[in-house]
Amino acid sequence: MSVVLRLAAVLVGSALCVLNNSTVVGTTKCPGYRTSKVVERGSEIFAQLTLNGAPCNMFSKDIKDLSLHVTFHNSRLRVKIVDSAKQHWEVPQSLMSPDPSYNPTDPAISLLKFSYSENPFTFCVSRKDTGEVIFDTHSHRLVFEEQYLELTSSLPADANIYGIGEVIGRFRRDPKNTIQGMWARDDASPEYENIYGDQPLYIELREGKAHGVHILNSFGMDVLLKDQTVSYKTLGGVLDFSFFAGPTPARVMDQYTATFGRPHQIPYWALGFHQCKYGYKSIGEVAGVVANYSLASIPLETMWTDIEYMDMFKDFTLDPINYPLDKVQAFIKKLHANNQHYILIVDPAIARNDSYPAYLDGLKKDVFIKNPDGSNYVGQVWPGYTVFPDWFAPNTQQWWTQHIATFMNDVPIDGLWIDMNEPSSFCTGSCGSNRTGIPPYPWKDPNYNPDVPQDFPEPNYAIHNYYGNLSAKTAPTNARHFGGVTEFQAHNLYGHMEAIATRSSLIEINPAKRPFVLGRSTFTGSGAYEGHWLGDNHSKWSQLIDSIAGVLSMQMFGIPFVGADICGFSDDTTEELCLRWMQLGSLYPFSRNHNGLDSIPQEPYLWPSVAEASRKALRTRYQLLPFMYTLLEHSHLTGAPVWNALAFEFLDQKNLLSVDRQFLLGRSVLVSPVLEKGASTVNAIFPPGTWFDYHTFKSVEGPKTVMLDAPTDGHMPLHVRGGHILPLQGSALTVAEARRTPFHLIVAFDPITSKSEGELYVDDGESLHVGPNYSSIKFSADAYTISSRGHFGYHSTPEIKNITLLGLPCSHPLMQRHGSTVMLSITTTTSKTKQMIPATITATKDAAFPIISLENIKLPLNGPFTLQL
């Protein structure tokens, strides 16, 4: 039987995805393509696609001959359609960092099936076990032109789609009216427009299962959801689709990050609290902020400084008056002595200044982006006229590393913050190539005329870039990179490539330590190289709410270490808004208070109420650090989310599909923040199961909605899920101090099974190559035993001092021992015999379950144990 016949149709329940000419109706008059020369070879299918009639040239010239390449993996299917002459530019595979163990497989064992029609060519992707079609182009003709590609798939009515970003807005995308432009753009938090990054992945939930769809393409594009379809309309490149079988969102994230890059390991200290403001006038003011945190007893791990530390805003320099080298060095030395850290910002724009070493050296090494005539493209950013590194050029990495290393040799900072890297420019076109002097400030002259003939390639199809002109406020589309690559082709890669270069530089400078890089403009796979913040938000209640969806979306994109500017960047915050934002932001994976030059100061110690709320919230964060660090290690290994959408965890609960005002930490902790002005309660949705208040241990039985008290002088509501074990440590003003405190296990039993489990990952928190020097511990418990097992290679882990047992029956024998000291039996691998250890028992009872505490025990974490209760 021929390949075409074997793959001609897929049965999906009562629906038939029939791929033949009569069913292809399309939305255009374009002819589509016909299939020929089909070859099956192991885990791959190859075919030729030829224009199936007269060209329609809808937005540019049709490409006559295409090549189809289908690759099967166990849980991923790749469908790639390219022009046969290979004239269309593709994203270099060297910019991705796939998991090497994630290999192609035989189609016979793949979880997904590829089916296609011959004339015209259309295709379906379906689940092999159920036949469910997850991507279906059979009613839509393929369009492949020189500057316009279009591929459309049918969707169910009211589809549950998440992702397609970066975007400010709700977590679940509107299936009836979403038009998402993909063109990296410097703008401060506009809703549903294109902003800093390009992340064309979506996850769809359908009947209790999840699948993912991604296109790898760096050209400007639109992704549209409407009329029960998803359409991709891109200005060039190739159609390189990956379909991920799931069947859970966590598995989709695993498959996605295995394909494009696992999230990097962060240094442990990065989980501490961070403080920044654009506009600290001097290093003395920065030092005063650090001192005020200490006086207020509010944890502060890392201090940041924005561009004001530079000499005339030039990278790798210090303002000699306000940030003199000797005082900066003394400040950093004092921070480090207290186990605190310092981060500085670096922009890609390099001042065109004939006395500036980074510029002169860059000219010599030929590392800057060019105009079409071969001259250096000159834009306008904070230093005035600026040139921009070309990350494709062969000498750029060495030049970048050299100047970072020289600077850090004098200023031993702990990481780099790479901003303005869409790249951002304050004019359109080359506005300084033929000019001298200092330009007017951009806010006085926003329409600065270009001085080099532009000839921008403005395609006939206009993607939904809010600025319209693709060259507005960025490098122009006709700018040239090394090897003939144009900005039109590679614009969306700029920030991603800077992150790769910066991480590589920091590793070369200090090969033993994990680098810290935080970046603004991201692309597919960026999480392997950097963390991210959600950009220049506003001090508004609506942006507090939007930050939840923003963090949840970045988890999907493989960037788990992410947060929003706490209390808002632009505008003036209020005491109440800052208080509520400090509560929510205390659980951002990346937790930093940051605001703008013209905004009032908003350090949390400035208001007594915010200071007290911050102490409470950050005390909880620091207690949770072992748990959060373990979640980030899971993310590093499998792409699993640190923040988890309720809909992604409880796939059978349709009422949770649009919930984005609550979230889970991993799978274990339900977070229900206050997000409304003047509110002192939260209407919290509790999914199925038993949930225990983190602070009072009182239980709530789901599913139900409960109004929770959440006054400003109280705690943000957190609830531990029954069946889960949380490893905690004590709070402190620094991460290093907190890491030295004993462990406390909260063992929240599932009351039905009387079982619970959890995990703990521990290492030194800074080594780039951990080797065997880590501990990965799995805890399990039933009503009468608590056990640990795993790999125990890190030997500086404090002991477990306290254990809290929740959800046991009131008849449990420990309930009768309240107030007494008992001897508990423990078996460890070191002794291989039972020993008796003392424990003080306290036992109380809430409305449903007892709260039993084992206190003052000494339970080692350097090997497996079994504790008899």
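1. Some remarks on the overall build of the protein chain
Working step 1: If you tally the helices and strands in the protein chain, you get 13 helices and 47 strands.
Working step 2: What you see for the protein chain is a C-alpha radius of gyration of 28 Å, in line with the 29 Å of a compact globule of 869 residues.
Working step 3: For the protein chain, the C-alpha atoms occupy an extent of roughly 90 × 75 × 50 Å along the three principal directions.
Working step 4: Here the protein chain holds 869 residues, and 64% of them are scored as buried.
Working step 5: Long-range contacts, defined here as pairs at least 24 residues apart, represent 70% of the contacts in the protein chain between residues at least 6 apart.
Working step 6: A total of about 30900 Å² of accessible surface is found on the protein chain, and carbon and sulfur atoms cover 52% of it.
Working step 7: Counting 69 positive and 85 negative side-chain charges, the protein chain places the centres of these two groups 5 Å from one another.

2. Some thoughts on helix α9 (residues 541-556)
Working step 1: If you check α9, its first and last C-alpha atoms are 24 Å apart, about what 16 residues at 1.5 Å a residue would give, namely 22 Å.
Working step 2: Extensive coverage of α9 is indicated by the burial of 15 of its 16 residues.
Working step 3: Within two residues after α9, Gly 558 carries a phi angle of roughly 80 degrees, on the positive side.

3. Some remarks on the state of the cysteines
Working step 1: Inspection of the entire model under this criterion finds three disulfides.
Working step 2: Between Cys 30 and Cys 56 runs a disulfide, and the two sulfur atoms are separated by 1.9 Å. On the S-S bond that ties Cys 30 to Cys 56, the torsion sits near 75 degrees, and the link is right-handed. Of this pair, Cys 30 sits in the loop between β2 (15-18) and β3 (33-41) while Cys 56 is found in the loop between β4 (44-51) and β5 (65-72), placing the two residues 26 residues apart along the sequence.
Working step 3: Put simply, Cys 427 and Cys 431 are joined by a disulfide, and their sulfur atoms are 2.1 Å apart. Judged by the torsion about the S-S bond (-65 degrees), the Cys 427/Cys 431 disulfide is left-handed. Considered together, Cys 427 and Cys 431 belong to a single accessibility category, that of buried residues.
Working step 4: This cysteine, Cys 276, is not joined by any disulfide, and Cys 567 carries the nearest cysteine sulfur, 13 Å off.
Working step 5: You can call Cys 276 buried: its relative accessible area is 0%.

4. Some words on the packing of aromatic side chains
Working step 1: Scanning the entire structure with this criterion turns up 47 aromatic pairs.
Working step 2: With a centroid separation of 5.1 Å and 80 degrees between ring planes, the pair formed by Phe 331 and Tyr 342 is classed as edge-to-face. Within this pair, whereas Phe 331 is found in helix α4 (residues 325-337), its partner Tyr 342 is found in strand β22 (residues 341-346), the two being separated by eleven residues in sequence. For the pair shown, Phe 331 and Tyr 342 are each scored as buried.
Working step 3: Centre to centre, the rings of Phe 650 and Trp 691 are 6.3 Å apart; their planes meet at 55 degrees, and the pair counts as tilted. Taken together, the residues span a long stretch of sequence, with Phe 650 in the loop between α12 (646-649) and β33 (663-665) and Trp 691 in strand β35 (residues 681-693) at a distance of 41 residues.
Working step 4: When its relative accessible area of 0% is taken as the criterion, Trp 691 is described as buried.
Working step 5: Through a chain of ring-to-ring contacts, three or more aromatic side chains come together here, namely Phe 114, Tyr 116, Phe 121, Phe 123, Phe 135, Tyr 232, Phe 241 and Phe 243.
Working step 6: Over the face of the ring belonging to Trp 533 we find Arg 592, whose NZ or CZ atom lies 5.6 Å from the ring centre.
Working step 7: Sitting above the plane of the Tyr 268 ring, Arg 739 keeps its charged end 4.1 Å from the centroid.

5. Some words on the confidence of the model for the protein chain
Working step 1: Mean pLDDT over the protein chain stands at 93; residues scoring 70 or higher make up 95%.
Working step 2: Averaged pLDDT values over the elements of the protein chain bottom out at 33 in strand β1 (residues 9-12) and peak at 99 in strand β34 (residues 669-671).
Working step 3: Taken as a whole, residues 1-16 scores under 50 in pLDDT and shows 30 contacts with residues more than four places along the chain or in a different chain.
Working step 4: This stretch, residues 18-27, has a pLDDT under 50; its non-local contacts, to residues over four places away or in other chains, come to 27 contacts.

6. Let's talk about the sheet that holds strand β37 (residues 718-721)
Working step 1: The strand order across the open sheet built from six strands is β32-β33-β34-β37-β35-β36, with neighbouring strands paired in antiparallel fashion. If you trace the sheet from one side to the other, it starts and ends with β32 (643-644) and β36 (699-709), each paired once.
Working step 2: As paired strands, β35 and β36 are joined by ten bridges and run antiparallel to one another. Bridging from a neighbouring strand, Ile 685 pairs with Thr 705 of β36.

7. What to know about the sheet that holds strand β14 (residues 178-182)
Working step 1: Here we have five strands laid out as an open sheet, ordered β10-β11-β18-β17-β14, and antiparallel in their pairing. What marks the edges here is a single partner per strand, and that holds for β10 (143-144) and β14.
Working step 2: Of the pairings in the sheet, the one linking β10 to strand β11 (residues 149-154) comprises two bridges and is antiparallel in character. Counted as the bridge partner of Phe 144 is Leu 149 from β11.

8. With respect to the pattern of salt bridges
Working step 1: Per the stated rule, a full pass over the model turns up 28 salt bridges.
Working step 2: Between Arg 520 and Glu 422 there is a salt bridge, with the nearest N and O atoms lying 2.8 Å from each other. Placement of the pair is Arg 520 in the loop between β27 (517-519) and β28 (531-533) and Glu 422 in the loop between β26 (416-418) and α7 (487-490), with a sequence separation of 98 residues.
Working step 3: In this structure Arg 520 comes out as buried when scored by relative accessible area, which is 1%.
Working step 4: One salt-bridge network, held together by shared partners, links Asp 186, Asp 419, Glu 422, Arg 520 and Asp 536.

9. Brief notes about helix α6 (residues 396-410)
Working step 1: Relative to the 21 Å expected for 15 residues at 1.5 Å per residue, α6 spans 22 Å between its end C-alpha atoms, a close match to the ideal helical length.
Working step 2: In this structure, the buried side of α6 is in contact with β22, β23 (350-351), α5 (357-365), β26 and α8 (494-509).

10. So, the nonpolar core
Working step 1: Residues Met 303, Tyr 342, Trp 643, Phe 648 and Leu 665 are the most contacted members of the largest nonpolar core, which totals 178 residues.
Working step 2: If one sorts the elements of this core by residue count, helix α11 (residues 608-638) sits on top with twelve residues.
Working step 3: Those residues in contact with Met 303 that lie beyond four places of it in its chain are Gln 275, Tyr 280, Val 286, Val 289, Val 290, Phe 331, Leu 335, His 341, Tyr 342 and Ile 343.
Working step 4: With 42 residues, the next largest nonpolar core counts Val 79, Phe 121, Val 125 and Ile 161 among its residues.

11. Considering the pairing of strand β20 (residues 274-277)
Working step 1: With burial as the criterion, each face of β20 is covered, one bearing His 274 and Cys 276 and the other bearing Gln 275 and Lys 277.
Working step 2: Where β20 meets strand β21 (residues 302-305), two bridges bridge the pair, whose relative direction is parallel. Within β21, the residue paired with His 274 across the bridge is Thr 302.
Working step 3: Note that the unit made of β20, helix α3 (residues 283-295) and β21 has a crossover that is right-handed.
Working step 4: Pairing analysis gives four bridges linking β20 to strand β31 (residues 592-595), with the strands arranged parallel. Looking at the pairing, Gln 275 lines up with Asn 593 of β31.

12. Focus: unusual backbone geometry
Working step 1: Residues Gly 165 and Glu 166 are joined by a peptide bond in cis, for which omega reads 10 degrees.
Working step 2: With omega at 10 degrees, the peptide bond leading from Gly 702 into Pro 703 counts as cis.
Working step 3: With respect to the helices, strands and loops of the structure, Pro 703 is situated in strand β36.
Working step 4: A positive phi angle, close to 60 degrees, is found at Ser 189, a residue other than glycine.
Working step 5: In this structure, Ser 189 sits in the loop between β14 and β15 (199-206).
Working step 6: Judged by its relative accessible area of 7%, Ser 189 falls in the buried class.
Working step 7: With a phi angle near 60 degrees, Gln 228 is a residue other than glycine that sits in the positive phi range.
Working step 8: Mapping Gln 228 onto the fold places it in the loop between β17 (221-226) and β18 (229-234).
Working step 9: On the basis of relative accessibility, which here comes to 44%, the residue Gln 228 falls in the partly exposed class.

Rules used in this analysis
Residues numbered from 1 in each chain as written. Predicted model: local features only at pLDDT ≥ 70, side-chain atom pairs only at ≥ 80, totals over all residues. Heavy atoms only, no water. Helix = DSSP H or I, 4+ residues; strand = E, 2+ residues; numbered from the N terminus. Rg over C-alpha atoms; globule rule 2.2 N^0.38 Å. Buried < 20%, exposed > 50% of the residue type's maximum accessible area, 1.4 Å probe, protein only. Contact = heavy atoms within 4.5 Å. Areas by Shrake-Rupley, 256 points an atom, 1.4 Å probe, with all protein chains shown as cover. Lys, Arg positive; Asp, Glu negative; His and termini not counted. Charge placed at Lys NZ, Arg CZ, Asp CG, Glu CD. Expected span 1.5 Å × (residues − 1). Disulfide = S-S within 2.5 Å. Phe/Tyr/Trp six-rings, centres within 6.5 Å; stacked < 30°, edge-to-face > 60°. Lys NZ or Arg CZ within 6 Å of the ring centre and 35° of its normal. pLDDT = per-residue confidence, 0-100. Pairing = 2+ DSSP bridges. Salt bridge = Lys/Arg side-chain N within 4 Å of Asp/Glu carboxyl O. Core = buried A, V, L, I, M, F, W, Y, C linked by side-chain atoms within 4.5 Å. Right-handed = clockwise from strand over helix to strand, strands pointing away.

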